[in-house]
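In case you want the letters, here they are:
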Amino acid sequence: MAIVELIPVKTRILTPGDDIVATIAAYAGDNIGPDDVVSVAESVVAITQGRIVRPEDMDPCFLAKLLCRLVPQKGSLSSAYGMQAAMDAEGKWRVAWAMVMGILAKLVGRSGVFYEMAGEQAALIDDVTGTMPPFDKHIVYGPADPNGVAEAIKTRFGCHGGAVADVNDLKRAAILGVSAGLNPANLAQILIDNPFGNASQRTPIVIIKNYAQAAQELATA
Amino acid sequence: MLFLFIAALAVAVALWLFVARQGDAAFEFLVDQRTDLNLEELTGDKAVFSTVVPFVNKGTQDGTIMDCFPRPLLPQEQYDAAAVSARLELETRRRDDGYFEALIVPKTTGNAVIVTVTFTAKRGDIRQALAAMVDMPVEIYFQVVARGKWYVSKQRVMMTAAEIAAALAPAGVRQ
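The structure displayed is predicted, hence computed values, not measured ones.

K.L.:
I'd love a proper account of the packing of helix α1 (residues 20-28) of chain A against helix α8 (residues 146-157) of chain A, names of residues and values included.
P.N.:
All names here are of chain A. Direction vectors running N to C along α1 and α8 enclose 40 degrees, while the axes themselves pass 10 Å from each other. Here α1 is positioned oblique relative to α8, judged by the angle of their axes. Where α1 crosses over α8, the two elements pack in a sense that is right-handed. Here I20, V21, A22, I24 and A25 of α1 lie close against α8, whose contacting residues are V149, A152, I153, R156 and F157. Partitioning the contact of α1 with α8 into residue classes produces nine nonpolar, no polar and one charged.

Encoded structure:
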């Protein structure tokens, strides 16, 4: 029986302008086999895509200043800048409408409606402090075209697949993008213990060794 | 039509009251509760002192200190025997590069910064250079992001000549 092995790959701090696929090649290229899946952390993908903004460079609108007040303090949209970022990404009125519906849904005991309606980026935005220095002073959006990134990884390395994942230490794993044929739920389960580690460990790439072999054996068992 | 107008007005007033009652973060560096200066290092031409300055978010909302740095004010017109520089670090997350990692401070809680001040003699021995030292303010600048617009504020720590002399004394300062 093939054993799935998770290999975190340490890199330097990646910045806007870095190419995530070229970075994988530089740090892990020799270690990727045809049965492997290469996963990358979503915030690092977003940073390399330049999807960051500093609060000082933003001018929150009145609606952002008001609606952020309705978000619990721990949320990334609880500051006017986080809320404005969500509005910039998903549309001001979409976010506002989602907030109205979210409040009404809460009144009848249903949670999560705001994030369901406000769009994917509203849930992916990390407010300041959400990422390691030097990006701790930035708002970081979710990555653009995560499926495309995953597909590019697979094509470049000839591996079984690529994935863009959002995983944290609270046992929450979401797969934002996968190459064709991969099962996001399976990958999320494999990555649930956060092999990417915390930010200071600087391991934004995790190679899932023997994934294809193990998946095939599981399917035929 | 009138009903809609009154309903909208009622919602607006309710939101205004909610925001007003919610308040915001409010940071204060407790400069009068800082520790005495501690001599960290003394070499031929250099003396390094530190002091711990507590701070608190006394507001009603969590807040983020995005950046924080010290600025010593020692103009050459006032004192020309030593050059001064300063850096600070969070007491609970020490680092020596002068970078302040953005920090969420929950409401009614706090932390402390360690302010490190380095004097370098422009000529000769640092103990001689500091023998006639003057009182020196060190301003702590901090940038805050919370519910409202980001802002920069500052508070002043006064390092007196007497305090510097007292910190140097155990090392045998030459008056």
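K.L.:
So what's going on with empty space enclosed by the protein? Residues and values would help.
P.N.:
All names here are of chain B. The final tally for this structure, using the stated rule, is one cavity of 30 Å³ or more. One number sums up the size of the largest cavity: a volume of about 60 Å³. For the largest cavity, the full set of lining residues is E89, L90, R93, R95, Y99, F100 and E101. For the lining of the largest cavity, the class distribution of residues is three nonpolar, no polar and four charged.

K.L.:
A description of the layout of surface pockets should follow, citing residues and the corresponding values.
P.N.:
Within this model, the second largest pocket holds a volume of roughly 350 Å³. Q73, K74, G75 and S78 of chain A together with I104 of chain B are, among the 18 residues lining the second largest pocket, the residues nearest its centre.

K.L.:
Residue-level account of the interface of chain B and chain A, with values.
P.N.:
Taken together, the contacts link 26 residues of chain B with 23 residues of chain A. For the chain B and chain A pair, buried surface summed over both sides reaches about 2000 Å², with 55% attributable to carbon and sulfur atoms. Of all residues in chain B, the largest losses of buried area upon contact with chain A belong to M66, Y99 and R147 of chain B, amounting jointly to 32% of the total for that side. Across the contact surface, chain B and chain A share two salt bridges. With a closest N to O distance of 3.9 Å, D24 of chain B and R69 of chain A form a salt bridge. The tally of links between chain B and chain A comes to 13 residue pairs in polar contact (both at pLDDT 80 or more). Of all the secondary structure elements, the ones that give two or more residues to the side of chain B that touches chain A are α1 (2-22), β4 (63-72), β6 (103-105) and β8 (136-145) of chain B. A per-element tally of the side of chain B that touches chain A places α1 of chain B first, with four residues. A breakdown of the residues in the side of chain B that touches chain A according to their chemical character gives twelve nonpolar, six polar and eight charged.

Rules used throughout
- Residues numbered from 1 in each chain as written.
- Chains lettered and ligands numbered in written order.
- Predicted model: local features only at pLDDT ≥ 70, side-chain atom pairs only at ≥ 80, totals over all residues.
- Heavy atoms only, no water.
- Axes fitted to C-alpha atoms, helices over the stretch in contact; angles between N-to-C directions.
- Helix = DSSP H or I, 4+ residues; strand = E, 2+ residues; numbered from the N terminus.
- Parallel < 35°, antiparallel > 145°, perpendicular 65-115°, else oblique.
- Left-handed = near helix turned anticlockwise from the far one by under 90°.
- Contact = heavy atoms within 4.5 Å.
- Nonpolar A, V, L, I, M, F, W, Y, C, P; charged D, E, K, R; others polar.
- 1 Å grid on protein atoms, 1.4 Å probe; cavity = no way out; pocket = protein on both sides within 12 Å on 5 of 7 lines; lining within 4 Å.
- Points joined across faces, edges and corners; volume = space filled by probe spheres on them.
- Buried area = accessible area lost by both parts, 1.4 Å probe.
- Salt bridge = Lys/Arg side-chain N within 4 Å of Asp/Glu carboxyl O.
- Polar contact = N/O pair within 3.5 Å; in protein donor to acceptor, adjacent residues only side chain to side chain.

Just distances and angles here, no functional claims.
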